Amino acid sequence: PRRAVLDLDHMKMPRGGRLLLATCLGSLFVLVLYFQSITKTDRPGKSRRSPLQTLYNGDQSELAAQRSLQGRRELLEQACLSHTRKRQVLSPEDLKHLIVDDKHSLIYCYVPKVACTNWKRVLMVLTSDGRYVDPLAIPANEAHVAGHLRTLSEFTVPEINRRLRSYLKFVFVREPFERLVSAYRNKFTRSYNTAFHKRYGTKIIRRNRPDPEPAALEKGDDVSFPEFVQYLVDPRTQRDEPFNEHWERVHSLCHPCLIHYDVVGKYETLEPDAQAVLRLAGVEEALQFPTSGKSTRTDGNMAARFFKHISPFYQKKLFNLYRMDFLLFNYSTPEYLRTR
Ligand SMILES: *[C@@H]1O[C@H](CO)[C@@H](O)[C@H](O)[C@H]1NC(C)=O
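Residues numbered from 1 in each chain as written. Predicted model: local features only at pLDDT ≥ 70, side-chain atom pairs only at ≥ 80, totals over all residues. Heavy atoms only, no water.

Caption draft 1: Expanded view of the overall build of the protein. Looking only at helices and strands, one finds 14 helices and 7 strands in the protein. Counting all 340 residues of the protein, 53% fall into the buried class. Approximately 16,800 Å² of the protein is accessible, and the part contributed by carbon and sulfur atoms is 51%. (Helix = DSSP H or I, 4+ residues; strand = E, 2+ residues; numbered from the N terminus. Buried < 20%, exposed > 50% of the residue type's maximum accessible area, 1.4 Å probe, protein only. Areas by Shrake-Rupley, 256 points an atom, 1.4 Å probe, with all protein chains shown as cover.)

This is the structure:
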């Protein structure tokens, strides 16, 4: 039977040892002991404070930055309490997006279209034992090669739980519709993305376009944004297979109500938030977060322009689909939506 990774209720920071009992998945019971004692996360032979210790026992000079991070954590926790069922179970399979840096005690959940290439580059530098020094010297496609970085799903259940307990866990999020439009533009309007056109474009056109040209059916390279939206809200889509990670919700990729992220960074404040993480990891002197990397930058109003062509009916459906990401990360309902 498959073994379960259990991560129940809320790991309250930073006080005392806490023991949480886990329930079971399948026929096998797995007990997970959550000792949330910060002082016990020190490993032998490691004198430096871990990023987690730095965050929760941080010095006063960091107070302002800490407070905004704490505000986001609390908001997330509250939103999880109000909007999700209490108990859920994770298996190692669900942890494929969580990248592990054992050297610096970090766990990063990557979300495509939220500076994830640059974060992967940074983590490659951090875990490379000096083989890489400059993140931007790593080609983008190299950063996405599976196997360059370790993910939490590769470890055994006790190894996973130990890391979840003692590492600094962080994720970067973005306004959900800005992210979605960025994914659409990147995957469907760039001629070089033929793999996406073949894999998804042909299917979208076959399903949603009346009287398609044979060439469009064959290539799938001219999907419109309304067609893409139709595909997303079609119940058949998720019945057939999970969403591609580029448009999958952060809620499903990173499980923010089960994994208790210590830092929720935002794309809208990428530079200071990334710097805060690097500072906590104690590497801010050695490493700068790359900001000049090529990406599908949007100006914060990109989504409004694309949503003009979406009917209120589909706007509402799409908002419902991405609702959790709006709620959990404190993004307000866009003004341009015509859903009321
Ligand atoms: C949530 O968003 C509102 C409105 O943008 C903002 O004023 C508030 O500070 C945010 N709360 C947190 C905890 O970030």
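Caption draft 2: Region of the structure containing the side chain of Ser 153. Here Ser 153 is to be found in the loop between β5 (150–151) and α5 (157–166). A polar side-chain atom of Ser 153 sits 2.8 Å from a polar atom in the side chain of Thr 151. Ignoring any residue separated from it by four or fewer positions in sequence, one finds Ser 153 in contact with Pro 92, Leu 95 and Lys 96. (Polar contact = N/O pair within 3.5 Å; in protein donor to acceptor, adjacent residues only side chain to side chain. Contact = heavy atoms within 4.5 Å.)

Caption draft 3: The arrangement of helix α12 (residues 270–280) in detail. For α12, the set of buried residues is Leu 270, Asp 273, Ala 274, Ala 276, Val 277, Leu 278 and Leu 280. Phi turns positive, to about 75°, at Gly 282, one or two residues after α12.

Caption draft 4: Main features of the packing of aromatic side chains. Applying the stated criterion across every chain yields a total of 26 aromatic pairs. On the basis of an interplanar angle of 80° and a centroid distance of 5.0 Å, the ring pair of Phe 177 and Phe 326 is categorised as edge-to-face. Of this pair, Phe 177 sits in helix α6 (residues 176–188) while Phe 326 is found in helix α14 (residues 312–328), placing the two residues 149 residues apart along the sequence. Aromatic side chains Phe 196 and Trp 247 sit 6.1 Å apart centroid to centroid with 70° between the ring planes, which places their arrangement in the edge-to-face category. With Phe 196 in helix α7 (residues 194–208) and Trp 247 in the loop between α10 (235–240) and α11 (250–254), the pair connects residues that are 51 residues apart, well separated along the chain. Each member of the pair Phe 196 and Trp 247 is classed as buried. Positioned over the ring face of Phe 155 is Arg 163, at 4.0 Å from the centre of the ring. In this structure, Arg 174 packs its charged tip against the face of Tyr 267, placed 4.0 Å from the ring centre. (Phe/Tyr/Trp six-rings, centres within 6.5 Å; stacked < 30°, edge-to-face > 60°. Lys NZ or Arg CZ within 6 Å of the ring centre and 35° of its normal.)

Caption draft 5: Region of interest: the pairing of strand β7 (residues 263–266). Going residue by residue along β7, you find Val 263 and Gly 265 tucked away on one face and Val 264 and Lys 266 tucked away on the opposite face as well. When strand β6 (residues 168–173) meets β7, the two strands line up parallel, connected through 4 bridges. Bridging across to β7, Phe 172 finds its partner in Gly 265. (Pairing = 2+ DSSP bridges.)

Caption draft 6: Representation of the sheet that holds β5 in the model. If you walk across this open sheet you meet the 5 strands as β5-β3-β4-β6-β7, and the pairing is mixed. If you trace the sheet from one side to the other, it starts and ends with β5 and β7, each paired once. Where strand β4 (residues 106–109) lies against β6, 4 bridges are found, and the strand directions are parallel. Bridge pairing links Cys 109 to Val 171 in β6. Docked against the sheet, α12 engages β6 and β7, running at close to 170° with respect to β6. (Axes fitted to C-alpha atoms, helices over the stretch in contact; angles between N-to-C directions.)

Caption draft 7: Representation of the site of the ligand in the model. Around the ligand, the neighbouring residues are Gly 71, Arg 72, Leu 75 and Asn 330. At 2.3 Å, a side-chain N or O of Asn 330 approaches an oxygen atom of the ligand. In isolation the ligand has 360 Å² of accessible area, and contact with the protein removes 35% of it. Residue composition of the shell around the ligand, by class: 1 nonpolar, 2 polar and 1 charged. (Near = heavy atom within 4 Å. Nonpolar A, V, L, I, M, F, W, Y, C, P; charged D, E, K, R; others polar.)

Caption draft 8: Examining the pairing of strand β3 (residues 98–101) more closely. Of the two faces of β3, the one carrying Leu 98 and Val 100 and the one carrying Ile 99 and Asp 101 are both buried. Where β3 and β4 come together, 4 bridges link them in antiparallel fashion. The partner of Ile 99 across the bridge, within β4, is Tyr 108. Taking the residues between adjacent antiparallel strands as the criterion, β3 and β4 are bridged by 4 residues, where Ser 105 takes a positive phi near 60°. Where β3 and β5 come together, 2 bridges link them in antiparallel fashion. Counterpart to Val 100 in the pairing with β5 is Arg 150.

Caption draft 9: A look at the pattern of salt bridges. Tallying each qualifying case throughout the model produces 15 salt bridges. Arg 199 is paired through a salt bridge with Glu 241; the nearest N and O atoms lie 2.9 Å apart. Remark: Glu 241 occurs in the loop between α10 and α11 and Arg 199 occurs in helix α7; sequence separation between them is 42 residues. Where Asp 240 meets Arg 207, a salt bridge forms, and the shortest distance between an N and an O atom there is 3.3 Å. Of this pair, Asp 240 sits in helix α10 while Arg 207 sits in helix α7, and the two are 33 residues apart along the sequence. Beyond isolated ion pairs, a larger network of salt bridges with shared partners links Lys 203, Arg 207, Asp 234, Arg 236 and Asp 240. (Salt bridge = Lys/Arg side-chain N within 4 Å of Asp/Glu carboxyl O.)

Caption draft 10: Quick peek at α14. Helix length check: α14 (17 residues) gives 23 Å between terminal C-alpha atoms against 24 Å at 1.5 Å per residue, within 8%. Along α14, the sharpest kink reaches roughly 60°, centred on Tyr 322. Among all positions of α14, only Gln 315, Leu 318, Phe 319, Leu 321, Tyr 322, Met 324, Asp 325, Phe 326 and Leu 328 are buried. Looking one or two residues past α14, Asn 330 carries a phi angle of roughly 60°, positive in sign. (Expected span 1.5 Å × (residues − 1). Bend = angle between axes of the 7 residues up to and from the residue.)

The values reported here are purely geometric and, on their own, carry no functional implication.
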